Amino acid sequence: MQHYFGHIEGGYACIDDGDAHHLLNVRRGEIGEKLEIAEGEELFLAEIESIDPLRIRILEKIEKKRELDNPLLLAFALLKSDHNELIALKGTELGVSTFIPFTSNRTIVKPKEKEDNKLLRLRKIASEAANQCRRTSIPEVTSYSSFQELMSLKADRKLFAYEGEAGSSASLLSSMANLQKGESILVLIGPEGGFSEKEAKMAQENGFAFVSLGRRILRAETAALYCASIIGAISEEGEE
Ligand code: SAH
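Residues numbered from 1 in each chain as written. Predicted model: local features only at pLDDT ≥ 70, side-chain atom pairs only at ≥ 80, totals over all residues. Heavy atoms only, no water.

Here's the deal with the environment of T92
Note on placement: T92 falls in helix α2 (residues 81-94). Overall, the relative accessible area of 0% leaves T92 in the buried class. Put simply, T92 and L59 are 33 residues apart on the chain and 28 Å apart in space, counted from C-alpha to C-alpha. Among all residues touching T92, those that are not within four sequence positions of it are I87, F99, A126, A129, A130, C133, R135 and P139. (Helix = DSSP H or I, 4+ residues; strand = E, 2+ residues; numbered from the N terminus. Buried < 20%, exposed > 50% of the residue type's maximum accessible area, 1.4 Å probe, protein only. Contact = heavy atoms within 4.5 Å.)

A few points about helix α6 (residues 197-205)
When α6 is considered as a whole, its buried residues turn out to be E199, A200, M202 and A203. The arc enclosing the buried residues of α6, seen along the axis, measures out at 160°, which places them on a common side. When the buried face of α6 is taken as reference, the exposed residues oriented beyond 90 degrees from it are E197, K198, K201 and E205. After α6 finishes, the residue G207 shows a positive phi value of roughly 85°. (Arc of directions from axis to C-beta.)

Section: the sheet that holds strand β5 (residues 42-50)
Taking strand neighbours across the sheet as the criterion, the six strands line up as β1-β4-β5-β6-β3-β2 in an open arrangement whose pairing is mixed. In the strand order of this sheet, the two ends are held by β1 (2-5) and β2 (7-9), each with one partner. Strand-to-strand twist in this sheet, taken as the mean axis angle between neighbours without regard to direction, amounts to 40°. (Pairing = 2+ DSSP bridges. Axes fitted to C-alpha atoms, helices over the stretch in contact; angles between N-to-C directions.)

Observations regarding the domain arrangement of the protein chain
When its domains are assigned, the protein chain resolves into domain 1 (2-62) and domain 2 (72-236). Between domain 1 and domain 2, the contact holds 11 residues from the first and eight residues from the second. Taken over both partners, the interface formed by domain 1 and domain 2 buries close to 700 Å², and the fraction arising from carbon and sulfur atoms is 51%. Taken as a group, H3, F5 and E41 account for 71% of the area that domain 1 buries against domain 2, more than any other trio of residues on that side. With a closest N to O distance of 3.7 Å, R134 and E36 form a salt bridge. On the surface where domain 1 and domain 2 come into contact, there are three residue pairs in polar contact (both at pLDDT 80 or more). Of all the elements in the fold, those that place two or more residues in the side of domain 1 that touches domain 2 are β1, β4 (34-39) and β5. Considering every element that reaches the side of domain 1 that touches domain 2, the biggest residue donor is β1, with four residues. Partitioned by chemical class, the residues of the side of domain 1 that touches domain 2 number four nonpolar, three polar and four charged. (Domains from an automatic or database assignment. Buried area = accessible area lost by both parts, 1.4 Å probe. Salt bridge = Lys/Arg side-chain N within 4 Å of Asp/Glu carboxyl O. Polar contact = N/O pair within 3.5 Å; in protein donor to acceptor, adjacent residues only side chain to side chain. Nonpolar A, V, L, I, M, F, W, Y, C, P; charged D, E, K, R; others polar.)

Focus: helix α1 (residues 17-26)
Looking only at α1, the buried set comprises D19, A20, L23 and L24. Along α1, the residues classed as buried sweep out an arc of 115° about the axis, all on the same side. Set apart from the buried face of α1 by more than 90 degrees, the exposed residues are D17 and V26. On its buried face, α1 sits against β1, β4, β5, β6 (55-62) and α3 (117-132). With a side-chain oxygen lying 3.2 Å from the backbone nitrogen of G18, the N-terminal cap of α1 falls on D16. Where α1 ends, the next residue or the one after it, R28, has phi of about 50°, a positive value.

With respect to the pattern of salt bridges
By the definition in use, this model includes 19 salt bridges. A salt bridge links K61 to E42, with the nearest nitrogen and oxygen atoms 3.2 Å apart. Of this pair, K61 sits in strand β6 while E42 sits in strand β5, and the two are 19 residues apart along the sequence. Classification of K61 as partly exposed rests on a relative accessible area of 36%. One salt bridge in this structure joins R55 and E49, with 3.3 Å as the shortest N-O distance. The exposure class assigned to R55 is partly exposed, which follows from its relative accessible area of 36%. In this structure, a network of salt bridges that share partners links the residues K34, E47, E49, R55 and R57.

Next up, the structure:
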């Protein structure tokens, strides 16, 4: 069944022009075809009632969860474009709710503006991936942050992936102990050159806990997706 994000009003769903084009011209949608429409974390079964004009009638609500039970904010230092895109694409499939691309001491890529075409592309990738993996909400990709700005972000658990402390940091698994549904988790992943000691100290002073992602040094994009996988699995644990 095709899945689209839509706006629901008066028993009908409105989808944007690009999706309507996709539904009618690419997928050759026909009258009577059933669709899945997501809006605001809710999911609905719908049916194409007419093609011209396109009318999509809502039939019933579908009681299915597609989001994690814990909002996951993944802050990653900017990498080469294709690696940033990989994080947005795969992170969306894994359930990340907010991506926060940032610049830090050792990031090589330093955008001049808070937003640029590369950022818009990350948003598009996240939106398309959310559709493809049938999420009920599209993850947010925030505008670029500085490391400093990350320090004042609020979350129930604030984690700092730090290989510099390998051995003395808690493992990611143990830092997730006793996780309650709804608790938000913010994870910071450094650039290829890692975080500086000064940044690590600052993070500690601002309530971040150091976490180790295992015995090996991971590439930054692997580290980001490792965190999303482990946290996602723990968040969904115990589900029917
Ligand atoms: N400075 C390192 C590599 C940094 S890896 C070096 O070249 O030796 C990029 C980022 O991934 C790190 O800043 C960290 O946030 C995360 N990371 C990679 N492997 C990790 C590990 N084993 N434990 C904790 N964080 C890790």
